[in-house]
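# Residue-level structure breakdown
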Amino acid sequence: MLSDAEWEAILISLQVAGTAVAWILVPGIALAWLMARHEFRGKALLDGVLHLPLVLPPVVVGYLLLVSLGRQGLLGRWLDQWFGITLPFTWQGAAVAGGIMAFPLLVRAVRLSLEAVDVKLEAAASTLGANRWRILFTITLPLALPGLLTGTVLAFARALSEFGATITFASNIPGETRTLPLALYTLIQSPGKEAAAARLCAIAILIAMLSLLVSEWLARKARKRLRGRDG
Amino acid sequence: MAEHTDAPLPASHAVSGHGTDASGLTLEVDKRLGDFLLKASLTVPARGVTALFGASGSGKTSLLRLIAGLDTPDKGVIRIGEHSLVDTRQGVFVPPHRRRLGVVFQEARLFPHYRVRGNLTYGMRPGARSRFDDIVDLLGISPLLNRFPATLSGGEARRVAIGRALLTEPRLLLMDEPLTGLDGARKQELLRYIARLARDIDIPIVYVSHDPDELIAIADHLVLLDQGRVLAHGRLDELLTRFDLTEYLGGFDAASVITATVADHDHHYALTQLRLEDGQRLTIPLVDDPPGTTLRLRIPIRDVALALSKPEQVSYRNQLSARVEQIGLVAGNKTSIEVRLRVGEQILRARLTRKSFDELGVKEGISIVALIRSVAFDTR
């Protein structure tokens, strides 16, 4: 049903988006928690920086990544020398780009759900002998689960649809960094590929719809459970 | 009203029972909260129920939060027995999760994503596992174990919260207005559970409330708070008889608290005979407690009349010989005079008009007869 090239684009997209979400999940939750529960100097500034990827042209993010993580970049040279890791023009690089673009969405959703968790329940847990970590894993995060799920799916979808930063930083290499949007772009650029482009477009819509449905289903299940109903 | 109780022990008689590490709480703290300055110094005896009483805004809950470790005092010391929880001079601050204090909050605060059983075992210490069934039975919550908190009634949720706190084997149980928002019947029911708890489980309880009726029912000791200061603390029955506190204890509807023992029952007339410790007798409407049970009675001041000698043919069934110990004015009331009577070792308050007072020639030290209407002992 699907051609090899289409399969390839889908698999690379899932791999890139999945990796992107995986690497931002823990830092994203940690930062969201910091923003939700603490007041500190420079919080507004940090908040602004966090939201930059949402408002900057993605190409700018890609360019900055290239400058810092490219082989000649400060971080890139260090990564190359000490760990032999090269990010530009690799699918891992695409995952980094996608992750950064998705980061603000994740933090926002998680922060909102953490703010909605009743700190009185956390205080009650502490009087029952639970330390900070136990409270986090048994009270705070489970109660924030619906928001966590929504944030994760949003971030996944954002990473999946990432184009500008990816093509700038990781380029458009078939079988390596040619994700669905890049494959679609390539097809649109080539004359006589209108039908193939339309097919990819439909696939993209399908995947996006599917992830939204799955997230909605999971969040509803989690909410039901939190509201304390059986099943 | 009559309530079951052990004879309350004064602080000086405090003993640790059953080999537990029951020991009292000592507290001396300063804490500024905006414009409000909490400056409290008090001790909580190692046994019985100590009530923190005061109008809203008097600092009851702030004090409780300091004890629980949910707030830090600016200055001061909080100790359980010899063990420091807070000592600002030494830089000691034990975090709440290491204090081993059970806290029952006003709103129960059950974890919505755990079933009742999960809530109960959340902070359970290994040593309490064997007592799980007892505590669940005592609180009457065994049918609820597999339910989620959202499906519980207010009273059920409070009971679960109490059980959850008890299973952490606390050294002290703090209760912050645990009956707020319950209707009358539920309130009475939960009050009975708590009273039974105080009797059966040897843990000192600090009970925050602004409801005099609750405190009369369960408190042994009273800490009277006003605008962040401790006005008085001591045994409830003693504080209730102090003239200088009448203004603050006004809500208590001016009454005396007297303990007596069930002597026998008269089923024909549905009456129960009680014996005071000096041998005098009282009659109250029939109660179902067996002879020998100690009851705590509340006698409203308006239900006590005075006579110079035992009158004949009068419907006041209870006539106690007493001695006038102290005479005082009633704040804001020009008509009345309050008299403190000593009956055996106990104090009974009475109020009469200045006119009757002068006509009777009441003086400190004279013998007098206190007439008490039987209905004053209504058990509610």
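This is a predicted model, so every value here is computed, not measured.

Of regular secondary structure, chain B possesses eight helices and 21 strands. Rg of the C-alpha trace for chain B: 22 Å, near the compact-globule value of 21 Å for 380 residues, within the 12% margin. By principal-axis analysis of the C-alpha atoms, chain B measures approximately 65 × 50 × 35 Å. Considering only intrachain contacts with a sequence separation of at least 6, the fraction spanning at least 24 residues in chain B is 66%. As displayed, chain B offers around 16,800 Å² of accessible surface, 46% of which is attributable to carbon and sulfur atoms. Computing the positive centroid from 49 side-chain charges and the negative centroid from 47, chain B places the two 4 Å apart.

Overall, the coordinates contain 23 salt bridges over all chains when judged by the stated rule. We note a salt bridge from Arg65(B) to Asp71(B), for which the minimum N-O separation is 3.2 Å. For Asp71(B), a relative accessible area of 21% translates into the label partly exposed. Within this structure, Asp47(A), Arg111(A) and Glu115(A) form a network of salt bridges that share partners.

The sites that UniProt annotates as "domain: ABC transmembrane type-1" (unreviewed entry) are residues 10–218 of chain A. For residues 10–218 of chain A, the end-to-end C-alpha separation is 23 Å, with 79% helix and 0% strand making up the annotated structure.

Our focus in this paragraph is the packing of helix α5 (residues 91–115) of chain A against helix α8 (residues 145–160) of chain A. All names here are of chain A. Where α5 meets α8, the axes come as close as 8 Å, and the angle between the chain directions of the two elements is 165°. Comparing their axes, α8 and α5 come out roughly antiparallel. Regarding α5 and α8, the two cross each other, and that crossing is right-handed. Residue-level inspection shows Gly-98, Met-101, Ala-102, Leu-105, Leu-106, Ala-109, Val-110 and Ser-113 of α5 in contact with α8, the latter providing Gly-147, Leu-148, Gly-151, Thr-152, Leu-154, Ala-155, Arg-158 and Ala-159. Looking at the contact of α5 with α8 residue by residue, the class counts come to 10 nonpolar, five polar and one charged.

The next subject is the packing of aromatic side chains. With the rule as written, the count across this model stands at six aromatic pairs over all chains. On the numbers, 5.6 Å between centres and 75° between planes, the contact of Trp78(A) with Phe83(A) is edge-to-face. Three or more aromatic residues joined by ring pairs make a cluster, and in this case those are Phe111(B), Tyr114(B) and Tyr122(B). Sitting over the ring of Tyr122(B), Arg134(A) keeps its end group 4.0 Å from the ring centre. The ring of Phe105(B) has Arg109(B) lying over it, and the distance from NZ or CZ to the ring centre is 3.8 Å.

The next thing to look at is a nonpolar patch on the surface. Residues and elements named next belong to chain A. On the surface, a cluster of nonpolar side chains totalling about 480 Å² of accessible area is made up of Leu-45, Val-49, Leu-52, Leu-54 and Val-55. Relative to the assigned elements, Leu-45 resides in helix α2 (residues 43–55). You can call Leu-45 exposed: its relative accessible area is 63%.

Residues and elements named next belong to chain A. Within the UniProt annotation, "transmembrane region" (unreviewed entry) is assigned to residues 12–36, 48–69, 89–107, 135–157 and 196–219. For the annotated span residues 48–69, helix accounts for 91% and strand for 0% of the residues, and the straight-line distance between the end C-alpha atoms is 22 Å. The span residues 89–107 carries 89% helix and 0% strand; its end-to-end C-alpha distance comes to 27 Å.

Turning to the interface of chain A and chain B, a few remarks are in order. Contacts between chain A and chain B engage 23 residues on the former and 23 residues on the latter. Surface buried jointly by chain A and chain B totals about 2,000 Å² across both partners, of which 61% is contributed by carbon and sulfur atoms. Between the two partners, chain A and chain B, sit one salt bridge. Where Glu107(B) meets Lys120(A), a salt bridge forms, and the shortest distance between an N and an O atom there is 3.7 Å.

Next up on the list: the sheet that holds strand β18 (residues 318–330) of chain B. Strand pairing in a sheet takes place through backbone hydrogen bonds and is either antiparallel or parallel in direction. Residues and elements named next belong to chain B. The sheet built from five strands is open, its strands ordered β17-β21-β18-β19-β20 with antiparallel pairing. One side of each edge strand has no neighbouring strand; the edge strands of this open sheet are β17 (304–307) and β20 (346–353). Within this sheet the neighbouring strands show an average axis-to-axis angle of 45°, counted without direction. Taken together, the six bridges between β18 and strand β21 (residues 367–372) define a ladder with antiparallel strand orientation. Counted as the bridge partner of Gln-319 is Leu-371 from β21.

What counts and how
- Residues numbered from 1 in each chain as written.
- Chains lettered and ligands numbered in written order.
- Predicted model: local features only at pLDDT ≥ 70, side-chain atom pairs only at ≥ 80, totals over all residues.
- Heavy atoms only, no water.
- Helix = DSSP H or I, 4+ residues; strand = E, 2+ residues; numbered from the N terminus.
- Rg over C-alpha atoms; globule rule 2.2 N^0.38 Å.
- Contact = heavy atoms within 4.5 Å.
- Areas by Shrake-Rupley, 256 points an atom, 1.4 Å probe, with all protein chains shown as cover.
- Lys, Arg positive; Asp, Glu negative; His and termini not counted.
- Charge placed at Lys NZ, Arg CZ, Asp CG, Glu CD.
- Salt bridge = Lys/Arg side-chain N within 4 Å of Asp/Glu carboxyl O.
- Buried < 20%, exposed > 50% of the residue type's maximum accessible area, 1.4 Å probe, protein only.
- UniProt positions renumbered as here; feature names shortened; annotations may be inferred.
- Axes fitted to C-alpha atoms, helices over the stretch in contact; angles between N-to-C directions.
- Parallel < 35°, antiparallel > 145°, perpendicular 65-115°, else oblique.
- Left-handed = near helix turned anticlockwise from the far one by under 90°.
- Nonpolar A, V, L, I, M, F, W, Y, C, P; charged D, E, K, R; others polar.
- Phe/Tyr/Trp six-rings, centres within 6.5 Å; stacked < 30°, edge-to-face > 60°.
- Lys NZ or Arg CZ within 6 Å of the ring centre and 35° of its normal.
- Patch = residues over 30% accessible without salt bridge, like charges linked within 9 Å, V, L, I, M, F, W, Y side chains within 5 Å.
- Buried area = accessible area lost by both parts, 1.4 Å probe.
- Pairing = 2+ DSSP bridges.

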